[in-house]
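Chain residues, written in single-letter form:
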Amino acid sequence: MEINIPMKSDWKKYALAFIITTIIFVTAFAISSRINDSRLNELRGLQDSVSINILSSETQFNLLKEAACDDLFSSTLGQELGNLADRLSYMESIGKADDAEVVTLKRYYSLLEIKDYLLIAGAAGKCTKRPTTILYFYQGDCPECAQQAQVLTYIRQHHPENLRIYSFDYDLDVSALKTLANINKVKAPFPALIIKNKTYNGLKSLEEITDLLPELAATSTATSTKK
């Protein structure tokens, strides 16, 4: 029986293939890490901007009267909160949900959202025109939460002027968030939405949410008429 012994040149090919594969893997890992670091830096910068804008709005609200209400709740802040939520969702979608820095950013973001929500709620007696709010609670292992997030993102993008959507990870260890959930009696099943002080459990379609908020349809009609 003949045994074919690989030629020396074959071993060189295998060695070269291994080296090339290793280089490709290391390069891909380095690029991925750099992209993730870049996104984390973007998140930090956006959080700082949101924090400053909320502080500015809060200060305005304390200083000014009814005449300033139109300028108090700018759509810019709503868009920044939405962009921040989208980027955090992306970090979660690529398996970074348990990353220590991402968790810290989420906790800080949740506090910013609650602060903005309280600011809007506090304007109820002073400002006749203020954004409509939706509180959205989700869990990481919730199969329908990703679908709900897509529906809410669509609504937010089409109503940037008069809608604030606040998204919260129900399992996040933030005492203020736990208090907010308890006040609204939030519990499974998820997703859970609080619309006009009423809690709705389970996935809600675009049509179901817009039916609960007819004022959004009215503003859409007004916007279309202006165009």
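First, a word on what this report is: a plain description of the structure on this page.

Calculation criteria
Residues numbered from 1 in each chain as written. Predicted model: local features only at pLDDT ≥ 70, side-chain atom pairs only at ≥ 80, totals over all residues. Heavy atoms only, no water. Helix = DSSP H or I, 4+ residues; strand = E, 2+ residues; numbered from the N terminus. Buried < 20%, exposed > 50% of the residue type's maximum accessible area, 1.4 Å probe, protein only. Areas by Shrake-Rupley, 256 points an atom, 1.4 Å probe, with all protein chains shown as cover. Phe/Tyr/Trp six-rings, centres within 6.5 Å; stacked < 30°, edge-to-face > 60°. Disulfide = S-S within 2.5 Å. Core = buried A, V, L, I, M, F, W, Y, C linked by side-chain atoms within 4.5 Å. Contact = heavy atoms within 4.5 Å. Arc of directions from axis to C-beta. Pairing = 2+ DSSP bridges. Axes fitted to C-alpha atoms, helices over the stretch in contact; angles between N-to-C directions.

Description of the overall build of the chain
Looking only at helices and strands, the chain features eight helices and four strands. Listing each helix as α and each strand as β along the chain from the N terminus yields α-α-α-α-β-α-β-α-β-β-α-α. Every one of the 227 residues in the chain was classed for burial, and the buried ones make up 36%. Only carbon and sulfur atoms are counted for the fraction: they give 58% of the accessible area of the chain, which is about 14000 Å².

Quick notes on the packing of aromatic side chains
Under the counting rule described, the total for this entry stands at four aromatic pairs. Between tyrosine 117 and tyrosine 166, the ring centres sit 5.9 Å apart and the planes meet at 75°, which makes this aromatic pair edge-to-face. Taken as a pair, tyrosine 117 in helix H4 (residues 100-122) and tyrosine 166 in strand S2 (residues 163-169) lie far apart in primary sequence, 49 residues in all. Accessibility expressed as a relative area gives 0% for tyrosine 166, which makes it buried. Judged by centre distance (5.3 Å) and plane angle (35°), the ring pair of phenylalanine 137 and phenylalanine 168 falls under tilted. Highlighted residues: phenylalanine 137 in strand S1 (residues 132-138) and phenylalanine 168 in strand S2, separated in sequence by 31 residues. By relative accessible area, phenylalanine 168 is classed as buried at 0%.

Remarks on the state of the cysteines
Across all of its chains, the model carries one disulfide by this definition. One disulfide bridge connects cysteine 142 with cysteine 145, the sulfur atoms lying 2.2 Å from each other. Residues cysteine 142 and cysteine 145 share a disulfide whose torsion about the S-S bond is about 95°; that sign makes it right-handed. Cysteine 142 sits in the buried class, given a relative accessible area of 11%.

Topic: the nonpolar core
By size, the foremost hydrophobic cluster in this structure holds 41 residues, and its most contacted members are Ile134, Leu135, Phe137, Phe168 and Ile209. When contributions to this core are tallied by element, the ones reaching two or more residues are helix H3 (75-96), H4, S1, helix H5 (145-158), S2, helix H6 (175-183) and strand S3 (192-195). Among the elements that line this core, the one with the most residues is H4, at six residues. If we ignore the near neighbours within four places in the chain, the residues touching isoleucine 134 are Leu152, Leu163, Arg164, Ile165, Tyr166, Leu193, Ile194, Ile195, Ile209 and Leu213.

A word on H6
Every buried residue belonging to H6 is among Leu177, Leu180 and Ala181, and all of these are buried. With its buried residues spanning 95° around the axis, H6 presents them on a single face. Opposite the buried face of H6, at more than 90 degrees from it, the exposed residues are Ser175, Asn182 and Ile183. In this structure, the buried side of H6 is in contact with H4, S1 and S2.

What about the sheet that holds S3?
What the four strands build is an open sheet, ordered S2-S1-S3-S4; its pairing is mixed. Sheet topology places S2 and strand S4 (198-201) at the edges, where each strand pairs with a single neighbour. Pairwise comparison of adjacent strand axes, ignoring direction, gives a mean angle of 20° for this sheet. As paired elements, S1 and S2 share seven bridges and run parallel to each other. Paired with isoleucine 134 across the strands is isoleucine 165, a residue of S2. Of the strands in this sheet, S1 and S2 are in contact with H4, which crosses S2 at around 140°. Here H6 sits on the sheet and contacts S1 and S2; the angle it forms with S1, its principal contact strand, is near 105°.

Here we look at unusual backbone geometry
In this structure, the amide linkage connecting alanine 188 to the following residue, proline 189, adopts the cis form with an omega of 5°. Residue position: proline 189 is located in the loop between H6 and S3. Cis peptide bonds are those with omega within 30 degrees of zero, and the linkage from phenylalanine 190 to proline 191 qualifies with 5°. Within the secondary structure, proline 191 is located in the loop between H6 and S3. Of note in the backbone geometry, lysine 185 takes a positive phi value of approximately 55° without being a glycine.

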